[in-house]
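# Breakdown of the fold
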Amino acid sequence: ADDLDQASDFKRQAEDAGEAYKQALADAKAKAQGIAAEKRAEVDKEIADLQAETDAALEEKLAGAEQRIAEMKRQAAEKVGEAATETARAVVEALIDEAPTAEAAARAVAAIRA
């Protein structure tokens, strides 16, 4: 009977150890999933921060590029106006053998462009 009692105790201890192992494994999995979720959240935040920095830098570069483009357009329009004024003066001079003043030609071009 002692052997049966001892075997029964060993069986119960083995079952208890098995249950404790299963519980420890479940706890370890839960802890690992918690750590993974925490790290994932940290990485997601870091990615979001880097994306925000990149977006801000690109926005700044885009604004600079837009300013340069606007300035180039302004300069091009100014040169077109100058060329139109000179062309108008040359055409009038060719037609009436008298060159209008640069101011008169500029006013005429401006009136046409308006």
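Placed above this text is the structure.
Keep in mind that what you see is a predicted model, and the values were worked out from it rather than measured.

Looking now at the pattern of salt bridges. Inspection of the entire model under this criterion finds six salt bridges. Between Glu19 and Lys22 there is a salt bridge; the shortest N-O distance is 4.0 Å. Here Glu19 and its partner Lys22 are both found in helix 1 (residues 2-96), three residues apart, which amounts to about one turn of the helix. Under the relative-accessibility criterion, Lys22 is labelled exposed at 54%. Close ionic contact of Glu42 with Lys39 constitutes a salt bridge, the shortest N to O distance being 3.5 Å. On the criterion of helical spacing, the pair formed by Glu42 and Lys39 is a turn pair, its members being three residues apart in helix 1. Under the relative-accessibility criterion, Glu42 is labelled partly exposed at 40%. Salt bridges sharing partners connect three or more residues here, namely Glu71, Arg74 and Glu78.

As a further point, take the packing of helix 1 against helix 2 (residues 102-113). Remark: helix 1 packs on helix 2, axes separated minimally by 9 Å, with the N-to-C direction vectors making an angle of 120°. Judged by the angle between their axes, helix 1 and helix 2 are oblique. Both helix 1 and helix 2 take part in a crossing whose hand is right-handed. Along the contact surface, helix 1 presents Ala77, Gly81, Ala84, Thr85, Ala88 and Arg89, while helix 2 presents Ala102, Ala105, Ala106, Val109 and Arg113.

With respect to the secondary-structure elements, Ala104 resides in helix 2. On the basis of relative accessibility, which here comes to 27%, the residue Ala104 falls in the partly exposed class. Remark: the alpha-carbon pair of Ala104 and Arg68, spanning 36 residues in sequence, is separated by 31 Å.

Take the environment of Ala90 next. By the element assignment, Ala90 lies in helix 1. Under the relative-accessibility criterion, Ala90 is labelled partly exposed at 45%. As a C-alpha pair, Ala90 and Arg12 span 78 residues in sequence and 113 Å in three-dimensional space.

The rules we used
Residues numbered from 1 in each chain as written. Predicted model: local features only at pLDDT ≥ 70, side-chain atom pairs only at ≥ 80, totals over all residues. Heavy atoms only, no water. Salt bridge = Lys/Arg side-chain N within 4 Å of Asp/Glu carboxyl O. Helix = DSSP H or I, 4+ residues; strand = E, 2+ residues; numbered from the N terminus. Buried < 20%, exposed > 50% of the residue type's maximum accessible area, 1.4 Å probe, protein only. Axes fitted to C-alpha atoms, helices over the stretch in contact; angles between N-to-C directions. Parallel < 35°, antiparallel > 145°, perpendicular 65-115°, else oblique. Left-handed = near helix turned anticlockwise from the far one by under 90°. Contact = heavy atoms within 4.5 Å.

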